[in-house]
Amino acid sequence: MTSARQLRLGGFFSVPGNHLAGWRHPDAVPAYDMDFQLYAHITQVAEAARFDCIFFQDTVGVAGSRALARGERTRAKLSRTVKLEPTATLAALAMVTTHIGLVATATTTYNEPYDIARRFASIDHISGGRAGWNLVTSQIEDEAENFGFDEHLAHADRYERAAEFYEVVTGLWDSWEEGGLLRDKQSGVYMDRDKVHFLDHVGKHFKVKGPLNITRSPQGWPVIAQAGSSEAGRDLAARTADVVFTAQTRIDEAKAFYADVKARAARYGRGPEDIKIMPGLTPVLGRTMQEARDNYDYLQSLMPDDVALQSLSHISGGLDLARYPLDGPLPELPPSNAAKARQALVVKTARENNMTLRQIARHTAAGTGHRVLVGTPEYMADEMEAWLEEEAADGFNVVCNHYPKPFEDFCRLVVPELQRRGIFRTEYDGKTLRENLGLRVPENRYTRQARLSLAREAS
Amino acid sequence: MSKGQRQLRFGAFFSVPGCHPTGWRHPDAICETDLDFRYLADMARMAERGKLDCMFFQDSVAIPGSTAVYGAKPFRVKNGRQAHIEPMSAIAALGAITSRIGLVSTCTTSYNEPYNVARRFLTIDHISGGRAGWNLVTSQAEDEAVNFGRDAHFEHGVRYDRAAEFHDVVIGLWDSWEDDAFLRDKESGVWFDFDKMHILRHKGKHFTVRGPLNVARSPQGRPIVAQAGSSDVGMELAARTADMVFTAQTTIKEGQDFCNDMRSRMSKYGREPDHIRIFPGIMPIVGRTESEAREKYEELRSLVDDGVGIAGVARLAGGVDIFKCDPDGPLPELKPSNAARARQEMIIAMGKRGMTIREIGRVLAMSQAHRVLYGTPTSLADDMQAWLEAGACDGFNLLFPHYPKPLEEWVTLVIPELQRRGIFRTEYEGKTFRENLGVPIPPNIHTTHRSSVQVSAVAAND
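Residues numbered from 1 in each chain as written. Chains lettered and ligands numbered in written order. Predicted model: local features only at pLDDT ≥ 70, side-chain atom pairs only at ≥ 80, totals over all residues.

**Q** Explain the overall build of chain B to me, and be specific about the residues and the numbers.
**A** Check the secondary structure of chain B and you find 15 helices and 13 strands. At 23 Å, chain B has a C-alpha radius of gyration in line with the 23 Å of a compact globule built from 462 residues. Principal-axis analysis of the C-alpha atoms places the extent of chain B at approximately 75 × 55 × 40 Å. The buried share of chain B, taken over its 462 residues, is 56%. Within chain B, residue pairs in contact and separated by at least 24 positions form 76% of the contacts whose partners lie at least 6 positions apart. (Helix = DSSP H or I, 4+ residues; strand = E, 2+ residues; numbered from the N terminus. Rg over C-alpha atoms; globule rule 2.2 N^0.38 Å. Buried ≥ 20, exposed ≤ 12 C-beta atoms within 10 Å, placed from the backbone. Contact = placed C-beta atoms within 7 Å.)

**Q** Before we move on, could you go through the overall build of chain A and cite the residues and values that matter?
**A** The number of helices and strands found in chain A is 16 helices and 13 strands. Taken against the 2.2 N^0.38 rule, which gives 23 Å for 459 residues, the C-alpha radius of gyration of chain A at 23 Å falls within 12% of a compact globule. Viewed in the frame of its principal axes, chain A has a C-alpha envelope of about 75 × 55 × 40 Å. Residues counted as buried form 56% of the 459 residues belonging to chain A.

**Q** Outline the environment of B:Gln82, supporting the account with residue identities and numerical values.
**A** Relative to the helices and strands, B:Gln82 is located in the loop between strand E2 (54-57) and helix H2 (87-95). The residues contacting B:Gln82, other than those within four sequence positions of it, are A:Leu181, A:Tyr190, A:Met191 and B:Ile63.

**Q** Break down the interface of chain A and chain B for me, citing the residues and quoting the values.
**A** In this assembly, 62 residues from chain A lie in contact with 61 residues from chain B. Taken together, the elements giving at least two residues each to the side of chain A that touches chain B come down to helix H2 (65-69), helix H3 (86-93), helix H4 (113-127), strand E5 (181-184), strand E6 (189-191) and strand E8 (207-208) of chain A. With seven residues, H4(A) is the largest single contributor of residues to the side of chain A that touches chain B. Class assignment of the residues belonging to the side of chain A that touches chain B gives a composition of 35 nonpolar, 13 polar and 14 charged. (Nonpolar A, V, L, I, M, F, W, Y, C, P; charged D, E, K, R; others polar.)

**Q** Outline the pairing of strand E11 (residues 276-285) of chain A, listing residues and values.
**A** All names here are of chain A. Summarising burial for E11: ten of the ten residues are buried, a large majority. Here E11 shows a buried face lined by Lys-276, Met-278, Gly-280, Thr-282 and Val-284 and a second buried face lined by Ile-277, Pro-279, Leu-281, Pro-283 and Leu-285. Sheet analysis places strand E10 (residues 243-246) next to E11, joined by four bridges and oriented parallel. From the neighbouring strand, Val-243 faces E11, where its bridge partner is Lys-276. Relative to strand E13 (residues 395-399), E11 runs parallel, the two sharing two bridges. The partner of Leu-281 across the bridge, within E13, is Val-398. (Pairing = 2+ DSSP bridges.)

**Q** Which residues make up the packing of helix H1 (residues 36-48) of chain A against helix H14 (residues 405-420) of chain A, and what values do they have?
**A** To describe two helices that pack against each other, one gives the angle between their axes and the distance between the axes. Residues and elements named next belong to chain A. At a closest axis distance of 10 Å, the pairing of H1 and H14 adopts a crossing angle of 15°. By the angle between their axes, H1 is roughly parallel relative to H14. As for the relative orientation of H1 and H14, their crossing is left-handed in sense. Of the residues in H14, those in contact with Ile-42, Val-45 and Ala-46 of H1 are Phe-407, Glu-408 and Cys-411. Looking at side-chain class alone, the contact of H1 with H14 contains five nonpolar, no polar and one charged residues. (Axes fitted to C-alpha atoms, helices over the stretch in contact; angles between N-to-C directions. Parallel < 35°, antiparallel > 145°, perpendicular 65-115°, else oblique. Left-handed = near helix turned anticlockwise from the far one by under 90°.)

**Q** Can you tell me about the environment of B:Ser218, naming the residues and giving the values?
**A** All names here are of chain B. Within the fold, Ser-218 resides in the loop between strand E8 (208-209) and strand E9 (224-227). Judged by C-beta crowding, with 24 C-beta atoms within 10 Å, Ser-218 ranks as buried. Each C-alpha atom, one on Ser-218 and one on Met-88, is 17 Å from the other, the two residues being 130 residues apart in sequence. If near-sequence neighbours (up to four positions away) are discounted, Ser-218 is found in contact with Leu-122, Asp-125, Gly-130, Trp-174 and Pro-223.

**Q** Kindly report on unusual backbone geometry, identifying the contributing residues and their values.
**A** Among all residues except glycine, the phi angle is most often negative; among peptide bonds, the trans geometry is most common. Of the consecutive residues A:Gly210 and A:Pro211, the connecting peptide bond is found in the cis state with omega at -10°. With respect to the secondary-structure elements, A:Pro211 resides in the loop between E8 and strand E9 (223-226).

**Q** Kindly report on the pairing of E5(A), identifying the contributing residues and their values.
**A** Consecutive side chains of a regular strand alternate in pointing toward one face of the sheet and then the other. All names here are of chain A. Where E5 lies against E6, two bridges are found, and the strand directions are antiparallel. If you follow Leu-181 over to E6, its bridge partner there is Met-191. Linking two consecutive strands that pair antiparallel, namely E5 and E6, is a turn of four residues; a positive phi of about 80° is found at Gly-188 within it.

**Q** Quick rundown of the nonpolar core? Include the residues and the values.
**A** Ranked by internal contacts, the top residues of the largest apolar core, which has 277 residues, are A:Leu102, B:Ala12, B:Met55, B:Ala93 and B:Val313. The greatest single-element share of this core, amounting to eight residues, is contributed by helix H6 (residues 155-173) of chain A. In contact with B:Met55, other than residues within four places in its own chain, are B:Ala12, B:Phe14, B:Ala44, B:Ala47, B:Leu94, B:Ile101, B:Leu103 and B:Val104. (Core = buried A, V, L, I, M, F, W, Y, C linked by C-beta atoms within 7 Å.)

**Q** Kindly report on helix H11 (residues 357-367) of chain B, identifying the contributing residues and their values.
**A** Residue and element names in this part refer to chain B. For H11, the tally of buried residues reaches nine of eleven residues, placing the bulk of the element in the interior. For H11, the set of buried residues is Ile-357, Ile-360, Gly-361, Arg-362, Val-363, Leu-364, Ala-365, Met-366 and Ser-367. Looking at the buried side of H11, the elements it contacts are strand E11 (277-286), helix H8 (290-302), helix H9 (306-315), helix H10 (341-352), strand E12 (371-375) and strand E13 (395-399). Backbone geometry just downstream of H11 places Gln-368 in the positive-phi region, at approximately 55°.

**Q** Break down the confidence of the model for chain B for me, with residues and values.
**A** Residue and element names in this part refer to chain B. Per-residue pLDDT for chain B has a mean of 93; in total, 95% of the residues score no lower than 70. Here residues 452-462 scores under 50 on pLDDT; set against residues more than four positions off or in separate chains, the count is zero contacts. Interface scoring of the predicted complex returns ipTM 0.95; its pTM is 0.94. (pLDDT = per-residue confidence, 0-100.)

**Q** For the packing of H4(A) against H6(A), give the residues involved together with the corresponding values.
**A** All names here are of chain A. H6 packs onto H4 with a crossing angle of 50° between their chain directions and a minimal axis gap of 9 Å. Judged by the angle between their axes, H4 and H6 are oblique. In the packing of H4 onto H6, the handedness of the crossing is right-handed. Here Pro-113, Tyr-114, Ile-116, Ala-117 and Ala-121 of H4 lie close against H6, whose contacting residues are Phe-165, Val-168, Val-169, Leu-172 and Trp-173. Looking at the contact of H4 with H6 residue by residue, the classes come out as ten nonpolar, no polar and no charged.

**Q** Quick rundown of helix H6 (residues 232-241) of chain B? Include the residues and the values.
**A** Listed in full, the buried residues belonging to H6(B) are B:Gly234, B:Met235, B:Leu237, B:Ala238, B:Ala239 and B:Thr241. Lining the buried residues of H6(B) we find helix H5 (156-174), E9, strand E10 (244-247), helix H7 (252-264) and H10 of chain B.

**Q** So, the environment of A:Gly317: which residues are in play, and what are the values?
**A** Residues and elements named next belong to chain A. Here Gly-317 lies in the loop between helix H10 (305-310) and helix H11 (340-352). Along the sequence, Gly-317 and Ile-360 sit 43 residues apart, while their C-alpha atoms lie 16 Å from each other. Setting aside its immediate chain neighbours within four residues, Gly-317 contacts Leu-333, Pro-334, Pro-335, Ser-336 and Gln-343.

In structure tokens form, the structure reads like this:
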């Protein structure tokens, strides 16, 4: 292998398709939302292509539930309604794969840290060290009402809770030091009491005693991913994340984001290699550039206007966009408590490209803000290589308009081109996700304390 | 197989590395069954080879004995039950490598949110093709409370009140979508039939949950609901809601009384008596000869730890400090326990029979007070057949003292004997857990009204 910097690739499975009308494409298999055998297939395709990981986004509710409850029937055209819960799915996928990382979102807003710590550690044990947790805060109003709240927490409170949640989870992951289970049949002692630790966390949002009832997992800690792009989100990521999933559509902005997160990480004493930045990328392939553009136009034509407009509803700040002319400009939007960064991005894209309301709506619905790359395999490899070399990205999270064909085509046509250029592996580097991503195993805090106090005594 | 013969059913109870708390010291015991998933996978295949109804995973959301009454000496270091793989993740994974066996995981209603629990079990049900089961429990140990922001666990009545409402929310969410709600019609662009989606809009004492669930309806109609409560309030909840009951009964008479009591409670909820399957627990010890079985039993008995046993009594003592009592003296008067209430009644009964604290502890520390059944395949089959024919059970939950060998012996030695007698299946009856358990699909709660309207409309036309 050459010494060229290596791309990281994630398969971001937004089933049955990230494009809201993608499921209507003749090649699409719409049952991709609920059929585990199909999830297994696409994961095996990603593993055969040597992807670092697969990734499932998540929300704890049906998107648009409030609208559904109001009787808005347009919503019945939206495909991403039901799917398999991602953490259970990861556990099952571990049984049909051997090397690929298994990453899923779990919200810090409507979960308990003990439960999340336990579940991801369990998946790490089951998979032999391939689990990853995408730590998010819930930002969809639809979710709150499934958990006894009328609306979700304010942005700042959510991040405060998330930061404390992270502290509790990682603290629990360190509950057991190496050798904590003696299992000594002779003496009859199963556990070494001195190697098991109470966390005794008492904070603003959580009070958790510990210890966790599962030992430290093969990766020490499962890999931690984050996706927040706001100020608070970037800062938390810089301090705590191993991987950052982000939506960047232009190389100049991506470079600025990349430099900013790595600089923030440095302030927390972390090296540039300790945090991998992976923007989302939606491939639309063709044998020629023209064919690729035609494929994209065809896909866009499958999207009804009402469906396109729905994609803006959660960032519209409560404005009813259906009352504005579709061929006119995007109106001024009131501030949104939900996805602040996402709203700013959409407005900027519309203004800079002089897009009509219909165009920005279709554009948003098509990629949910992620970069849509339309072209030949060579063009795609050129773009990805350029982003890698110019430090706009460490890799990409590949999210497809429907499944499985666009993903299979990416693996069949684009991955070999990346491999030929020496910027993507042909074999896995190791067995765990940390090994494959080139990340260190975090030292157990109690082991470190013991080591440091021993060193002090010696000196 | 003789037609009409009642059939035994089995759950393989998993409390790795052993249901005997110190059974892990046995030379055959593999302690790594607690965390090395490859053992669980192998055992799942073994249990499926034996056509068992299900694997049934115990759980607690803490290291047992890590706080509370143990004060300055937390942890029960001799107990093998310390760290284990979270069982819902385990059954999700097992769903991918098995094809017929039911997969039951315990999950507490005390420290979870119904939306999350509904979603995860229904997902596992889809992954496994309709083989998931939820053992609905309430948390009863301080060890657990302190991991979830509380100083003490909920009072017994509150726990059950919350559990009942939790159950109803979960069921309401599981029924969010009718079987044929998803049209996925490319031509019209319509993804689902709006009228086949049901929004729960639950507003109760403990929970407010709008819905709908973001998972389609179960391949078996609904995941199986199992329960283990044997107190009065626990039995009442089970009579209303459970498909399967796990209980501790040690004589045929007790088993009959329990079954009759449970089934008699069901009609007021509009349920038939055979819509519930009752599984007392047994700890089986199999030998090829009676003397081999007896030797194995004595060997496991010799591994019982008095300290573990007395700690077990202390947990059920309702605040009486058992550690200050003479272990070889009588069991003192106990205050009503806020922990496992039926369990406490069981040890009080042992005390009345004249057992000392140590002796009672030894029963808990061997089999968690479940019946220990040792013998040859023939004598075990005789015993179980007698229970079955007396209407004292529908089957048994098998608490293996350690793993994996006792499970293997069950499958290779005992199952063939039962099959020969025609009281255990030689093939699974169906693909789903519900089909194999032989319990009906409950009607969708959101459409019950509509179908009764349709039925009366039909009747009016006649």
